[in-house]
Amino acid sequence: MKEKKLGLMSLILMIFTSVYGFNNIPRSYYLMGYAAIPWFVIAGLLFFIPFAFMVAEFGSAFRHETGGMYSWMCKSVGPKYAFIGTFMWYTSYVLWMVNVSSGIWVPVSNVIFGEDCTSKWSLFGWSFLSGSRLLGVMAVIFFIVITYFDTKGIDKISKVTSIGGSAVLTINILVVIGSIVMIIARHGQLRQPFEGLESLKVPLNAEYQGSPLMLLSFIVFALFAYGGIEAVGGLVDKTENPKKNFPKGIITAALVIVVGYALLIMLVGSFTNYNELFKGKEVNFGNVSYVIMSNFAAEFGKAFGLSKATQVALAHGFARVFAFIMLLALMGALFTLVYSPLKQLIDGTPKELWPGKMGEIAEDGLPKNAMWIQCAIVCVMVILISFGGSTMKKFFEILTAMVNVGMTVPYMFISFAFPKFKKLEGIDRSFVVYKSQKSANFWGYVVTLTLLLANVFAIIEPASLKKDYMTTFWSLSGPVIFGAVAWIMYSCYEYKVSSGKVRNQNKGLKIETEN
C-alpha cells in the first residue's frame, strides 16, 4: 500500500506544532515587553530558517538510517563527536525534566486556588521546608512516581498530550480574538502604549535598559523558542513533491511562527500594562504565564464594565482553566519524555558503552535501569538547586537558564557538522537547498556562531552584571558536566574495544583508528 504523503498545509502544521510554544510569549513579554519582537525576527533569520534547511538536507540524505541526528553526525564527522552531541541533546531533556517537575506545582496551585500560592506553601508551617525547598522535595517525590509508572509500561497516559496540545491551540485563538475584541471596545487603546520604534528598541524591563549584554543574552531565549526543529529532518521524504513543497513549507511555517510570536507579544501588551501587573508582585518565570492569563480574563471583564468582583471571578476561573490545560500538556510530555529520548539514545549504541547494567533493555522495550539512574540524577539536581539558598524567583530563573542553554548547545554540533556533511561523496542528495560548498560553509558557521555567542552571553551575563554566580554556574554546569561524561564514557568504550575486553558491536558506533 502506497504511503500517503504530506501536503503543503499538513507540512506547515507539523512544523508549527513541533516548534511553536505558547509559554514563550508571556515569558518574553515579562522579560522585554515589545522589545522582544526584533530578537525573535533576528533569531528566525540567523538560526531557525537556515538550520531547518540543514536538518532537512541531513534527513533526506540519511532517510534510511534509524539513528536520527546521531547517524547524521557520525557519518559526517565521526562516532565520538556524534555520541557527545547526541548525549548532550538527551541531557537537555534531563534539564527540562528538572524544570518541569519543579514548575508543575504552579499550575496545580492555579487549578486549586485560582492563583499561584507556591511561594507561601510550607510543610506544617516549618520555615525550613517552604517555598523553593518544599517545591524541590515535592518535585523529587513526583518524579519518582512518574518514573515508577513509566517503568511499569503505563505509557498510554501520554495520550493526554494531544488533548493538552489541542487545548493550548484553543487558548491561542481565545487570546487573539479576546484581545482584538478588547482593543475595539477600548476604541483602539492598548493597556501598554506602543510608541513605534522606541517600544521595539527600549525594553520595558528596567534590568535590560541600557545594557547591551543583557539584550544579547535574551537571544538565547528567542533561540530556545524555535527549538524542536530537529524533528523536521524526517519529514522530507514524507512530503509531496519535496523539492518544491519542502522549502516553501519551511519558509511559510517560519514566517507564521515569527509573525505569530510577534503578534501575540503585541496582543499581550494590548491587555497588560507592564508596571501595573508586575511591579511589587511575586511574579517569576514559573508563574508569569498564569499571571498574564488571569489578567487577560480580568481585563476582558473590565473592558465591558463588569464589576470588580466579576473581574476577580473571571481571572480566577480562567487561571484554573488555563492551568488545567497546561497541566495536561506537561503531564503527557513528562510521561513520554521520561523514557523516549533515553530509549532512542540507548537503542542506537552498544550496551557495553554504558556502565553496569544501564544499557540493558527490558523485555517490554524499556531501558528500566537507565530510567532509574536518570531519576536519581534529576532528583539530585532538583535538591541541589532548590536548597541552594535561592528565592522562588531566582529558583525559576536558574531552572529556565539551565534549560535554555542546555537545549540550544546540542544544535551547535549539528550546524558545525553540516559543512563536513556537504563534502561527503556517494550519498543520495535528492533534496538540496545549499547548492554550493561555500553556502554550506557560510550558513553552517553563521548558525554555529549565533548559537555559541548567544549562549556565551546568556551564561556570563548574570555573573558579570549582577554578580549572580549561582545562575552562571548552573547554566554552564549542564553542558560542561554532561559533555565531559559523554567524552569519558566513549573513551572508556574505545579502550575496552582496543584492548579486546569487548567486541565492537557495530551498531552504527565505529571505533576511529586514524590519527
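Data block above holds the structure.
Everything quoted here is computed from the prediction, not taken from an experiment.

In this section: the nonpolar core. The tendency in soluble globular proteins is for nonpolar side chains to be buried side by side. Membership of the largest hydrophobic core comes to 160 residues, with the highest contact counts inside it found for Phe47, Phe48, Phe83 and Tyr226. A per-element tally of this core places helix 3 (residues 36-61) first, with 16 residues. Those residues within four positions of Tyr226 in sequence are excluded, and the remaining contacts are Val19, Phe40, Ala43, Gly44, Phe47, Phe48, Ile257, Val258 and Tyr261.

In this section: helix 15 (residues 340-347). Buried within helix 15 we find Pro341, Leu342, Leu345 and Ile346. Down the axis of helix 15, the sector holding all buried residues measures 125°, keeping them to one side. Where helix 15 is buried, its residues touch helix 5 (79-103), helix 14 (308-337) and helix 16 (368-386).

Below, the discussion takes up the side chain of Asn287. By the element assignment, Asn287 lies in the loop between helix 12 (274-278) and helix 13 (288-303). A relative accessible area of 2% means that Asn287 is categorised as buried. Contact partners of Asn287, with chain neighbours within four places excluded, come to Val106, Asp116 and Glu282.

This part takes up a nonpolar patch on the surface. On the surface, Leu169, Ile173, Ile177, Val181, Phe300, Phe304, Leu306 and Leu314 cluster together to form a nonpolar patch covering roughly 660 Å² of accessible area. A per-element tally of the nonpolar patch places helix 8 (residues 160-185) first, with four residues. Tracing the chain through its elements places Leu306 in the loop between helix 13 and helix 14.

For the rest of this paragraph, the subject is helix 3. An ideal rise of 1.5 Å per residue puts 38 Å on 26 residues; helix 3 measures up with 36 Å between its terminal C-alpha atoms. The sharpest bend along helix 3 comes to roughly 45°, located at Gly44. Burial of helix 3 is extensive: 21 of the 26 residues sit out of reach of the surface.

The next subject is the environment of Val176. Positionally, Val176 belongs in helix 8. Here the alpha-carbon distance between Val176 and Leu267, two residues 91 residues apart in the chain, equals 7.1 Å. For Val176, the residues in contact, after removing those within four places along its chain, are Leu264 and Leu267.

Taken as a whole and judged by the stated rule, the model has one cavity of 30 Å³ or more. The space that makes up the largest cavity amounts to roughly 40 Å³. Met88, Thr91, Ser92, Leu95, Gly406, Val409, Pro410, Gly478, Pro479 and Phe482 together form the lining of the largest cavity. Among the secondary structure elements, those contributing two or more residues to the lining of the largest cavity are helix 5, helix 17 (392-422) and helix 19 (469-498). Here the lining of the largest cavity is composed, by residue class, of six nonpolar, four polar and no charged.

Here the focus is the packing of helix 13 against helix 14. Helix-helix packing is described using two parameters, namely the angle between the two axes and the distance between the axes. At a closest axis distance of 8 Å, the pairing of helix 13 and helix 14 adopts a crossing angle of 140°. Accordingly, the angle class assigned to the pair helix 13 and helix 14 is oblique. Between helix 13 and helix 14 lies a crossing whose hand is right-handed. Contacts from Ser289, Tyr290, Met293, Ser294, Phe296, Ala297, Ala298, Gly301 and Lys302 in helix 13 reach Gln311, Leu314, Ala315, Phe318, Ala319, Phe322, Ala323 and Met326 in helix 14. Partitioned by chemical class, the residues of the contact of helix 13 with helix 14 number 12 nonpolar, four polar and one charged.

Relative to the elements of secondary structure, Ala319 occurs in helix 14. Overall, the relative accessible area of 0% leaves Ala319 in the buried class. For the pair Ala319 and Val291, spaced 28 residues apart in the sequence, the C-alpha separation amounts to 7.8 Å. When sequence neighbours within four positions are dropped, the list of residues in contact with Ala319 reads Asn110, Gly114 and Ser294.

Definitions and cut-offs
Residues numbered from 1 in each chain as written. Predicted model: local features only at pLDDT ≥ 70, side-chain atom pairs only at ≥ 80, totals over all residues. Heavy atoms only, no water. Core = buried A, V, L, I, M, F, W, Y, C linked by side-chain atoms within 4.5 Å. Buried < 20%, exposed > 50% of the residue type's maximum accessible area, 1.4 Å probe, protein only. Helix = DSSP H or I, 4+ residues; strand = E, 2+ residues; numbered from the N terminus. Contact = heavy atoms within 4.5 Å. Arc of directions from axis to C-beta. Patch = residues over 30% accessible without salt bridge, like charges linked within 9 Å, V, L, I, M, F, W, Y side chains within 5 Å. Areas by Shrake-Rupley, 256 points an atom, 1.4 Å probe, with all protein chains shown as cover. Salt bridge = Lys/Arg side-chain N within 4 Å of Asp/Glu carboxyl O. Expected span 1.5 Å × (residues − 1). Bend = angle between axes of the 7 residues up to and from the residue. 1 Å grid on protein atoms, 1.4 Å probe; cavity = no way out; pocket = protein on both sides within 12 Å on 5 of 7 lines; lining within 4 Å. Points joined across faces, edges and corners; volume = space filled by probe spheres on them. Nonpolar A, V, L, I, M, F, W, Y, C, P; charged D, E, K, R; others polar. Axes fitted to C-alpha atoms, helices over the stretch in contact; angles between N-to-C directions. Parallel < 35°, antiparallel > 145°, perpendicular 65-115°, else oblique. Left-handed = near helix turned anticlockwise from the far one by under 90°.

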